[in-house]
Amino acid sequence: MNIGDRVRLLTGREQGIVTRILSDELVEVAIDNDFTIPVLRREVVVVAADEDKAFGRQGPPPVTPHRSKAGKHKPAKTASATATPAAGSPAPAAEQPTPPKATVPQPAAKGLYLALSHQSPELLSVHVINNTDKEVLYTYGEENQGRYRALRADKLGAKAVSGALGHLHLKDFDQWPAAVVQLLPHQINSDTAYELLTKRTQFKATSFYSSRREAPVLGREAYLFQLDEKPAAPVAPEKLAEILQAQLSGNAPAKPAAVAPAPEPAKAIKAPPHEVDLHLEALRPEGGEDLSNTAILKLQLEAFEDTLSRALATNMHEIVFIHGSGSGTLRKEIHKLLSRNKDIKFFEDSKKEKFGYGATLVRLK
């Protein structure tokens, strides 16, 4: 079982996509492109590609231009090419105007690309494509709110594509992190060394959807972003020799030591109460009539995340969040965040006789 596999739950009829391998026994599955849940491996089975074909559930075939035997496009019939009706025969019905054909993007040129490919209508997998004749060493990471997180490092052969480096949901487009890729081309027994390329890609709606085209090597449509618009520059042999000689002799210029500010004394973390009320009147006793629904939800989720982090830091075994029933929006967002947290053992509706579906019990590892 690998990331990107379509699986079916053995305890129900739901299907989903494996988005993360949490442990030897646990995987994360995206259900209905809406939310992710942790599932035991023994409770899911991989859906074979042949199964959809056997039951007639395969997706529509790709649209390709119709070609004649000579390999040329067949021209569309126009009004002048149609036969003129004979005198006395009824006039033919007016033809519907033919919609303009979409412009077919040109095939991608040689180079290195970041590709986002549909695993399902809402779930995209991230890949690095090497459409060159050289091998490439690469690292992949994400930058969010000024913080970088390294996720993968590997070697990619010529004309090859990486496995899924991560998964992104279209519904969370506004919260996507920036993708940071470092690339170092190399070729065995070559006499040329290259400088390291670093590319940071921040996805913008204005250009994202227009980037969709046939991805080289991958063999299907994807959202493509070129990583080497400026190819890696070769390092001059004499410069490389100077660097190596200086490092081997110990005469390389020392980097200035960064002066770090004196650390502030750590404050003791206070454990939260066993039951935490996330209603607006509990969080803002002074009133919140001036807040929009979006602002209220943000305030409640920030309080939830702060409380949960303090509960984990103080080794609490369980905690109850009182979110109310209402429209169910806050409950759904809390359950979504809990399902993605590897420090959560399980969660369930709590004290139904008291709260109904308005509270969630969280058991911590």
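Here is a short report on the structure shown in this document. Every chain is numbered independently, its residues counted from 1 as its sequence is written. In view of the model being predicted, local features appear only for residues whose pLDDT reaches at least 70, and side-chain atom pairs are presented and counted only at 80 or more, with totals across whole chains, interfaces and linings using the full set of residues. The side-chain quantities take in all heavy atoms of the structure and omit both hydrogens and water.

## Let's talk about the pattern of salt bridges
- When a carboxyl oxygen of Asp or Glu lies within 4 Å of a side-chain nitrogen of Lys or Arg, that pair is called a salt bridge. Tallied over the entire structure, the rule returns 13 salt bridges.
- The residue Arg200 makes a salt bridge to Glu143 at a minimum N-O spacing of 2.9 Å. Of this pair, Arg200 sits in strand β14 (residues 197–201) while Glu143 sits in strand β8 (residues 135–144), and the two are 57 residues apart along the sequence.
- Remark: exposure states derive from per-residue accessible area (1.4 Å probe, protein chains only) relative to the maximum for the residue type, with buried under 20%, exposed over 50%, and partly exposed in between. With a relative accessible area of 44%, Arg200 lands in the partly exposed category.
- Judged by its relative accessible area of 24%, Glu143 falls in the partly exposed class.
- With a shortest N-O distance of 3.0 Å, Glu318 and Arg363 are connected by a salt bridge. Placement of Glu318 in strand β19 (residues 318–322) and of Arg363 in strand β21 (residues 359–364) is noted, with a sequence separation of 45 residues between them. Helix and strand assignments come from DSSP, with helices taken as H or I runs of at least 4 residues and strands as E runs of at least 2, each series counted from the N terminus.

## As for the sheet that holds strand β12 (residues 178–186)
- Strand pairing requires that DSSP identify at least two bridges connecting the strands. Taken together, four strands build an open sheet; the order of strands is β9-β8-β12-β14 and the sheet is antiparallel. Edge strands, defined here as strands with exactly one partner in the open sheet, are β9 (147–156) and β14. Along the sheet, successive strands turn relative to each other by an average axial angle of 20 degrees, direction set aside.
- As defined by bridge partners, β8 adjoins β9 across nine bridges and the pair is classed as antiparallel. The partner of Tyr140 across the bridge, within β9, is Arg152. An axis is simply a line fitted to the C-alpha atoms; with a helix, the fit covers only the stretch in contact. Between two such axes, the angle follows the N-to-C directions and lies from 0 to 180 degrees.

## Observations concerning empty space enclosed by the protein
- Points on a 1 Å grid over protein atoms alone make up a cavity when a 1.4 Å probe fits among them but cannot get out, and a pocket when they form an open set with protein on both sides within 12 Å along at least five of seven lines; lining residues each have an atom within 4 Å of a point. Grid points are joined across faces, edges and corners, and a volume is the space filled by probe spheres set on the points. This model, assessed by the stated rule, comprises one cavity of 30 Å³ or more.
- Considering only enclosed or pocket space, the largest cavity measures out at about 40 Å³ in volume.
- In this structure, the largest cavity is lined by Val126, Tyr140, Glu142, Leu168, Pro177, Ala178, Ala179 and Phe203.
- Of all the secondary-structure elements, those providing two or more residues to the lining of the largest cavity are β8 and β12.
- Residue polarity follows a fixed list, in which Ala, Val, Leu, Ile, Met, Phe, Trp, Tyr, Cys and Pro are nonpolar, Asp, Glu, Lys and Arg are charged, and the others, Gly among them, are polar. For the lining of the largest cavity, a count of residues per class yields seven nonpolar, no polar and one charged.

## Some words on the environment of Asn131
- When you line up the elements, Asn131 lands in strand β7 (residues 123–131).
- Overall, the relative accessible area of 8% leaves Asn131 in the buried class.
- For the pair Asn131 and Gly157, spaced 26 residues apart in the sequence, the C-alpha separation amounts to 9.3 Å.
- For the purposes of these results, a polar contact is taken to be a pair of N or O atoms within 3.5 Å, where, inside protein, one atom must be able to donate a hydrogen and its partner to accept one; residues adjacent in sequence count only when each atom of the pair is a side-chain atom. Looking at Asn131, its side chain comes within polar contact range of the side chain of Lys159, at 2.9 Å.

## Regarding the layout of surface pockets
- Reported here for the largest pocket is a volume of approximately 2,000 Å³.
- The element that contributes the greatest number of residues to the lining of the largest pocket is helix α5 (residues 293–313), accounting for eight residues.
- Along the lines of polarity and charge, the residues of the lining of the largest pocket split into 12 nonpolar, 10 polar and 16 charged.

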